[in-house]
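Examination of the molecular architecture
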Amino acid sequence: MDLLIIFTKCLVALLLVLQVGILLLWVERKGSALIQDRVGANRANLFGGILPFNLGIVNTLMADPLKLFTKEDIVPEGADHFLHWLAPFLALFPLFLTFAVIPFGDVLEVGGRTINLQAVDLNVGILFVLALVSMGVYGVVLGGWASNSRYALLGGIRGSAQMISYEIAMGLALVAVVLTFGTLDLQQIVRAQGQLMWGVIPAWGVFYQPLALVILFIAGMAESKRAPFDLPEAESELIAGFFTEYSGSKQSVFMLADFVEVAIVAALVTTLFFGGWQVPWLQRDGFHFPGGLSLALPSLLVTLLQVLSFLLKLFLFCWLQILIRWSLPRLRYDQLMNLGWKRLLPIALVNVAISAVLALALQGWTVR
Amino acid sequence: MEDSYLAVLISAGLCALVVAIMVGASWVLGRRSPNRAKAAVFEAGNRAVGEVKTHRFPVKFYLTAILFIVFDVEVVFMYPWAVVFRRLGWFGLAEMAAFVLVLAVGLAYVWKVGALEWD
């Protein structure tokens, strides 16, 4: 029975990340159309025109993936077949696995059992996430190498150099967060954010580590090679960079990896800085507003509210990344590496130093 | 805690299965009609010359990777310290500050000498 529960939770986490990834494709197309003052994809219909209106969402969610999966899988001449298959696998597999440690709710009390709403309850959650994000670099490098094309190789190497440069800044920002919460376990961090500061404000991470939030957000966007950091796959310049020679479902796996990484950065920011599934002043038995007013709620409703809160915050930060992508121009490659090594890395180090000193000097500054 | 690693295994198996199906989908569902022109690598109309496996690329990427290794190991060492930070107090902070200072001097040297330029 326990095995079944674990299996169901892993399946739920996997389905969640798949759904979010595919929905983000549609949100990106329609959202970018909105930002650029045009309509976007809306020329889809069923059976050649039954419905009197067009369904843009059908276009992106069903027609596009179906088209991509049924295209021919071309492997360029001289390319290593195994590596050509392995690269998209290594690009997407770690990203799917990352979602297994993100808590999407508190507990679900059903049938006398209290089920922790987190697929994998690791006490080293943050390290697990960082390790898997680092493995995503393999997909980029192998994709460039296995294509037997010099431009793809250069695109892959530049992409991987960019990714590893920003991983250090990301790791350092997370060190400051771990310092504040004193644990690497993601569910415990989210639970600790339910406490109230001065009895009124929920102790979300953003109040303790605003600089780490900014660093993590910027480094996360650079890590996922999204604009304004998308020179490795600059759509208007290099065709497709490291995945030029991929077609069919392998190409769609690389593109899905892009959107899943958006979701991962959003999930990390939500979990560590904005309370994850926490609704302000909502505890397991109902609302407890400051000032004494309290509202008792059944536990299933509380769980539902918390899961909805997590999904809402997740989409909010995904939308923020889409907004940033379609608003800012692309950075030049040397400006990009400059930002990673000479600006973010020293700032992150200084942030850790200040946080450590503050945490020791002010006893009530940290969250437990 | 033991069954949390079993959950990692189950999760990894599920994810690997789904991704493998996605990657192999067009090999199964798509047509297979290899063609000399289709298999040629992209070079905007010209024929590509030269092998990738012996193609040289700039050494500054290697330098970036080495610097990444050094600073990433530093970050990894900071994680256990950050977890038991409260118990170590000011003495632990001073020790970690000494460690980071040595590596920060290294970063300053690398910066000054120009290894972070241009890439």
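Attention now goes to the overall build of chain B. When helices and strands are counted, chain B shows 4 helices and 0 strands. Listed N to C, the secondary structure of chain B is α-α-α-α in terms of helices and strands.

Next up on the list: the overall build of chain A. Counting secondary structure elements, chain A contains 11 helices and 7 strands. What you see for chain A is a C-alpha radius of gyration of 22 Å, in line with the 21 Å of a compact globule of 368 residues. Considered along the principal axes of its C-alpha atoms, chain A spans approximately 70 × 55 × 45 Å. Burial status across chain A gives 51% buried among its 368 residues. Restricting the contact set of chain A to residue pairs at least 6 apart, pairs at least 24 apart contribute 76%.

Time to look at the interface of chain B and chain A. The interface is formed by 57 residues belonging to chain B together with 63 residues belonging to chain A. A total of 20 residues in the side of chain B that touches chain A trace back to one element, the largest contributor, which is helix H1 (residues 2-29) of chain B. Tallied by class, residues from the side of chain B that touches chain A come to 41 nonpolar, 9 polar and 7 charged.

On to the confidence of the model for chain B. All names here are of chain B. This prediction gives chain B a mean pLDDT of 85; 85% of its residues lie at or above 70. Across chain B, the element-wise mean pLDDT spans from 72 in helix H2 (residues 36-39) up to 93 in helix H3 (residues 60-83). Per the prediction output, this complex has pTM 0.90; the corresponding ipTM is 0.87.

Residue and element names in this part refer to chain A. Here strand E1 (residues 107-110) runs beside strand E2 (residues 113-116); their pairing, made up of 4 bridges, is antiparallel. Across the sheet, the residue bridging to Glu109 is Thr114, located in E2. Linking two consecutive strands that pair antiparallel, namely E1 and E2, is a turn of 2 residues; a positive phi of about 60 degrees is found at Gly111 within it.

What follows deals with the sheet that holds strand E7 (residues 294-296) of chain A. All names here are of chain A. With antiparallel pairing, 3 strands are arranged side by side in an open sheet as E5-E6-E7. The sheet terminates laterally at strand E5 (282-283) and E7, the two strands that pair on one side only. As paired elements, E5 and strand E6 (residues 286-288) share 2 bridges and run antiparallel to each other. Within the sheet, the bridge partner assigned to Gln283 lies in E6 and is Gly286.

Counting 129 residues, the largest nonpolar core has Leu92, Phe96, Ala169, Ala173 and Ala263 of chain A as the members making the most contacts within it. The element contributing the most residues to this core is helix H5 (residues 150-181) of chain A, with 20 residues. Excluding anything up to four places from it in sequence, Leu92 of chain A contacts Val253, Leu256, Ala257 and Val260 of chain A together with Val19 of chain B.

What follows covers helix H3 (residues 81-98) of chain A. All names here are of chain A. Helix length check: H3, at 18 residues, gives a terminal C-alpha distance of 27 Å against a target of 26 Å (1.5 Å per residue), a fit within 8%. The largest bend along H3 reaches roughly 25 degrees and is located at Phe89. The element H3 is largely enclosed, with a buried count of 13 among its 18 residues.

Once that is clear, we can look at the environment of Val107 of chain A. Residue and element names in this part refer to chain A. For Val107, the location among the structural elements is in strand E1. Residues Val107 and Gln306, 199 residues apart in the sequence, show an inter-C-alpha distance of 9.5 Å. Leave out the neighbours within four places in its chain, and Val107 touches Thr114, Ile115, Asn116 and Leu117.

Turning our attention to the environment of Val265 of chain A. Residues and elements named next belong to chain A. Structurally, Val265 is set in helix H9 (residues 248-273). Along the primary structure Val265 and Gln321 are separated by 56 residues, whereas in three dimensions their C-alpha atoms are 9.2 Å apart. Leave out the neighbours within four places in its chain, and Val265 touches Gly220, Met221, Ser224 and Gln321.

Below, the discussion takes up the packing of helix H4 (residues 125-145) of chain A against H5 of chain A. For the pair H4 of chain A and H5 of chain A, interaxial distance at closest approach is 8 Å and the crossing angle is 170 degrees. The pairing of H4 of chain A with H5 of chain A is recorded here as roughly antiparallel in orientation.

A few words on unusual backbone geometry. Residues apart from glycine generally show negative phi values, whereas peptide bonds are mostly found in trans. Residues and elements named next belong to chain A. Even without being a glycine, Asp37 presents a positive backbone phi close to 60 degrees. Inspection of the secondary structure assignment puts Asp37 in the loop between helix H1 (2-35) and helix H2 (56-69). For Asp37, a count of 6 C-beta atoms within 10 Å gives the class exposed. Its identity is not glycine, yet Trp281 carries a phi of approximately 65 degrees, on the positive side. Checked against the element boundaries, Trp281 lands in the loop between H9 and E5. Judged by local crowding, Trp281 falls into the partly exposed class, with 18 C-beta atoms found within 10 Å.

Given a rise of 1.5 Å per residue, 29 residues ought to cover 42 Å, and the 41 Å separating the end C-alpha atoms of helix H11 (residues 333-361) of chain A matches this to within 8%. Approximately 35 degrees is the largest bend angle found in H11 of chain A, and it occurs at Leu344 of chain A, with the proline Pro346 of chain A only one to four residues beyond.

Here we come to the packing of helix H8 (residues 210-223) of chain A against H11 of chain A. Residues and elements named next belong to chain A. Two elements in contact, H8 and H11, have axes whose closest approach is 10 Å; the angle formed by their N-to-C orientations is 150 degrees. Judged on the interaxial angle alone, H11 and H8 are roughly antiparallel. As for the relative orientation of H8 and H11, their crossing is left-handed in sense. Seen from H8, the contacting residues are Leu211, Ala212, Ile215, Ile218, Ala219 and Ala222; seen from H11, they are Gly340, Leu344, Ile347, Ala348 and Asn351. Here the residues of the contact of H8 with H11 are counted per class, giving 9 nonpolar, 2 polar and no charged.

Scoring rules and cut-offs
- Residues numbered from 1 in each chain as written.
- Chains lettered and ligands numbered in written order.
- Predicted model: local features only at pLDDT ≥ 70, side-chain atom pairs only at ≥ 80, totals over all residues.
- Helix = DSSP H or I, 4+ residues; strand = E, 2+ residues; numbered from the N terminus.
- Rg over C-alpha atoms; globule rule 2.2 N^0.38 Å.
- Buried ≥ 20, exposed ≤ 12 C-beta atoms within 10 Å, placed from the backbone.
- Contact = placed C-beta atoms within 7 Å.
- Nonpolar A, V, L, I, M, F, W, Y, C, P; charged D, E, K, R; others polar.
- pLDDT = per-residue confidence, 0-100.
- Pairing = 2+ DSSP bridges.
- Core = buried A, V, L, I, M, F, W, Y, C linked by C-beta atoms within 7 Å.
- Expected span 1.5 Å × (residues − 1).
- Bend = angle between axes of the 7 residues up to and from the residue.
- Axes fitted to C-alpha atoms, helices over the stretch in contact; angles between N-to-C directions.
- Parallel < 35°, antiparallel > 145°, perpendicular 65-115°, else oblique.
- Left-handed = near helix turned anticlockwise from the far one by under 90°.

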